[in-house]
Amino acid sequence: MALPPASGPALQVWEAGEEILVRLMDGRIQRTRENLHEWRVPEQPFPLEINHVVSCSNIAILSWIGRDERFSFLASLDLDNEWKSQYVNRTEFVNELKIDKRITHQFHWMHELTAEILALASNGKQFAFATYNQGVYMMETEMEWCEEIWRKEIPNWPKPWADAIWKSPENENGNVETVVQSIHLDETLLTLFDERGSWVKLSAETGQEIAEGRLPFNGLNTGTWKGTGGWAIAEDDRKLHFLDENFSIISTHSVPGPVNHAAYSKEGWFWTGWRHDGSESRINATNEIGLYVRLNDNVQILSNDGKWHHFEK
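These remarks concern the structure in this document. All values derive from a computational prediction rather than experimental measurement.

What counts as what
- Residues numbered from 1 in each chain as written.
- Predicted model: local features only at pLDDT ≥ 70, side-chain atom pairs only at ≥ 80, totals over all residues.
- Heavy atoms only, no water.
- 1 Å grid on protein atoms, 1.4 Å probe; cavity = no way out; pocket = protein on both sides within 12 Å on 5 of 7 lines; lining within 4 Å.
- Points joined across faces, edges and corners; volume = space filled by probe spheres on them.
- Helix = DSSP H or I, 4+ residues; strand = E, 2+ residues; numbered from the N terminus.
- Nonpolar A, V, L, I, M, F, W, Y, C, P; charged D, E, K, R; others polar.
- Pairing = 2+ DSSP bridges.
- Axes fitted to C-alpha atoms, helices over the stretch in contact; angles between N-to-C directions.
- Salt bridge = Lys/Arg side-chain N within 4 Å of Asp/Glu carboxyl O.
- Buried < 20%, exposed > 50% of the residue type's maximum accessible area, 1.4 Å probe, protein only.
- Patch = residues over 30% accessible without salt bridge, like charges linked within 9 Å, V, L, I, M, F, W, Y side chains within 5 Å.
- Areas by Shrake-Rupley, 256 points an atom, 1.4 Å probe, with all protein chains shown as cover.
- Lys, Arg positive; Asp, Glu negative; His and termini not counted.
- Charge placed at Lys NZ, Arg CZ, Asp CG, Glu CD.
- Arc of directions from axis to C-beta.
- Contact = heavy atoms within 4.5 Å.
- Polar contact = N/O pair within 3.5 Å; in protein donor to acceptor, adjacent residues only side chain to side chain.

Topic: the layout of surface pockets
By volume, the largest pocket is sized at about 1600 Å³. Leu120, Ile183, His184, Thr224 and Trp225 are, among the 44 residues lining the largest pocket, the residues nearest its centre. Elements supplying a minimum of two residues to the lining of the largest pocket: strand E1 (10–16), strand E5 (49–56), strand E9 (117–123), strand E13 (180–185), strand E14 (189–194), strand E17 (221–227), strand E21 (259–265) and strand E25 (290–294). What the second largest pocket holds in volume is close to 400 Å³. Lining the second largest pocket are 18 residues; nearest its centre among them are Asn133, Ile154, Pro155, Ser168 and Pro169. Looking at side-chain class alone, the lining of the second largest pocket contains 9 nonpolar, 6 polar and 3 charged residues.

Put into structure tokens, the structure is as follows:
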């Protein structure tokens, strides 16, 4: 039996504990409940673009960005409660921000940021994020508060070739530039990837660098997903590599286009993306763009039309 569809076309999906949160085409967000078997009414707690979501227990950590207003912030909401709209529209928000220099909100805590968040990850009551050309931050949160555990500068990524010179705010004369592509947090490690194929592991407790290296391919890293004992990493939107914990390639699959989500099960990896669904044994062409893979008794996939379909094995 297929899961119920969202209220309209979808652009992006994030996991929020056992549920998911979807950014709809019309700018609103919609959350599931009852283990994805029901949808809440679409919500718009803030009239800005959500760019990242993670959960810490029953707390949702969300980051918003106003590209025109050069405004970015991080905030928390209760996953169990309704998220009410604070503004009638974006114009009302912008007017209050420019004239009154404040914003009205319902968040348990909120932090305004000086740079866009590029990646956000959580584990238990901790979460970490990386901002554009500024730093990496490890935080601990409860419902009513959030505090910093440590922060450090963006890692000095291993170079993609021997004489590469990194571009940075301090050095505009470099011949190559990169940004954080994704981060992953567990009990002991924060693993960071950049888009040029470098990786760095930091201690989750102290932020101390533990290891660094290069992925075993030359193209751009366009997506990373952690599974049991290994990784799925997309290269240049045309290849999907499966790697072990030491980043050695186990197998490689050619894909028709970008991969949007990959998940690991006892049957191996399943993924979805641009007009295709994939597994380690087959690739199925689709008419829609897959956004999210749900692993249960049957593999189900949410597409950009807001509807679920079963993976055809």
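A look at the sheet that holds strand E22 (residues 268–273)
Spatially, E21-E22-E23-E24 is the arrangement adopted by the 4 strands of the open sheet, whose pairing is antiparallel. Two strands lie at the open edges of the sheet, namely E21 and strand E24 (283–285), each paired on one side alone. Across the sheet, the mean angle separating the axes of adjacent strands is 15° when strand polarity is ignored. Alignment of E21 against E22, held across 6 bridges, turns out to be antiparallel. From the neighbouring strand, Ala262 faces E22, where its bridge partner is Trp271.

Overview of the pattern of salt bridges
Summed over all chains, the structure comprises 8 salt bridges. For the salt bridge of Glu38 with Arg33, the shortest nitrogen-to-oxygen distance reads 3.3 Å. The class for Arg33 is partly exposed, based on a relative accessible area of 36%. A salt bridge links Glu49 to Arg67; the shortest N-O distance between them is 3.3 Å. Highlighted residues: Glu49 in strand E5 and Arg67 in the loop between strand E6 (59–66) and strand E7 (71–78), separated in sequence by 18 residues. On the accessibility criterion, Arg67 (47% relative accessible area) is partly exposed. Within the structure, one salt-bridge network assembled from shared partners comprises Glu49, Arg67 and Glu116.

Digging into a negative patch on the surface
Side chains of Glu153, Glu170, Glu172 and Glu177 sit close together on the surface and give a patch of like negative charge. Residue Glu170 is classed as exposed on the basis of its relative accessible area of 71%.

Looking at helix H1 (residues 90–100)
Three or four residues apart is the spacing at which side chains of an α-helix point the same way, because the helix has 3.6 residues per turn. For H1, the complete set of buried residues consists of Phe93, Val94, Glu96 and Leu97. Looking straight down H1, one finds that the buried residues subtend no more than 165° of arc, so they occupy a single side. Pointing more than 90 degrees away from the buried face of H1 are the exposed residues Thr91, Lys98 and Ile99. Elements in contact with the buried residues of H1: E7. For H1, the N-terminal cap is Asn89; the gap from its side-chain oxygen to the backbone nitrogen of Thr91 is 3.2 Å.

Comments concerning the environment of Glu18
If you trace the backbone, Glu18 turns up in the loop between E1 and strand E2 (19–24). Taking relative accessible area as the criterion, Glu18 reaches 65% and is therefore assigned exposed. A sequence separation of 15 residues divides Glu18 from Arg33, and the C-alpha atoms of the two residues are 8.4 Å apart. With residues near it in sequence (within four places) discarded, Glu18 still touches Asn35 and Leu36.

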